[in-house]
Amino acid sequence: MVSGDIVSGTIGGLNDAVKKLVWDSIPVLLSLVGAAIIILIGWVVGKIVKQIVIKVLQSTRVDQWIDEQNLAAAIGGKEVSALAGSLVKWYIIVLFLAEAANVIQLEALKQFLEALVYYIPGALAGVGELEQFHDGQVVQRAFERHRTTDVAQRHAGRPDHRG
């Protein structure tokens, strides 16, 4: 009878271990499913916002302006609207990935993605500041050309005042 007690005790212990494994796995599986749903929603939202950004930028004719200024080669021959749309899409996806990492409690990944989320707007702002600096120089040169042309036209045909 002692061997029967050992077998039944072993089977009971295994049964308890399997039950504990299943019950402990349920929250992990639910977290993984939740993270997958968050990522899917982020991807869909990112795709929708990308299309909106592309349409808005195309309505401003920014792509045509880039072509007219011969600047398309500077961005790899891509359309600015498509490039900006893709950047916004991936930014949104990274936002959702950070939340998914939080749901499944991957702290290191969450911190990396959050750092990336904070870095991207700063980098884009820096690019915007460079563009404003460049635009400022362009405007200043155009103003100087206009002023020089205007002064030359006003003095055209007038006698020299130096005497």
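So, here is what we can say about the structure in this document.

The rules we used
- Residues numbered from 1 in each chain as written.
- Predicted model: local features only at pLDDT ≥ 70, side-chain atom pairs only at ≥ 80, totals over all residues.
- Heavy atoms only, no water.
- Helix = DSSP H or I, 4+ residues; strand = E, 2+ residues; numbered from the N terminus.
- Buried < 20%, exposed > 50% of the residue type's maximum accessible area, 1.4 Å probe, protein only.
- Contact = heavy atoms within 4.5 Å.
- Areas by Shrake-Rupley, 256 points an atom, 1.4 Å probe, with all protein chains shown as cover.
- Salt bridge = Lys/Arg side-chain N within 4 Å of Asp/Glu carboxyl O.
- Core = buried A, V, L, I, M, F, W, Y, C linked by side-chain atoms within 4.5 Å.

## Considering the overall build of the chain
Step number 1: Counting its secondary structure elements, the chain contains four helices and zero strands.
Step number 2: When burial is assessed residue by residue, the chain has 13% of its 163 residues classed as buried.
Step number 3: Sequence-distant contacts in the chain: of pairs separated by 6 or more residues, those separated by 24 or more amount to 60%.
Step number 4: When the accessible surface of the chain is totalled, it reaches about 12,600 Å², and 66% of it is carbon and sulfur.

## Examining the pattern of salt bridges
Step number 1: Going through the model one piece at a time under the given rule, you end up with two salt bridges.
Step number 2: The partner of K20 in a salt bridge is D24, and the shortest N-O contact between them spans 2.8 Å. One end of the pair is K20 and the other is D24, both in helix 1 (residues 2-59) and four residues apart, which spans about a single turn.
Step number 3: With relative accessibility at 44%, the residue D24 sits in the partly exposed group.

## Description of the environment of L30
Step number 1: Inspection of the secondary structure puts L30 in helix 1.
Step number 2: Here the alpha-carbon distance between L30 and V103, two residues 73 residues apart in the chain, equals 9.7 Å.

## Comments concerning the nonpolar core
Step number 1: Core analysis: the biggest nonpolar cluster contains five residues, these being V94, A98, A101, L113 and V117.
Step number 2: When contributions to this core are tallied by element, the ones reaching two or more residues are helix 3 (80-103) and helix 4 (107-155).
Step number 3: Ranked by residue count, the leading element in this core is helix 3, at three residues.
Step number 4: Other than its neighbours up to four places away in sequence, A98 contacts K110, L113 and E114.

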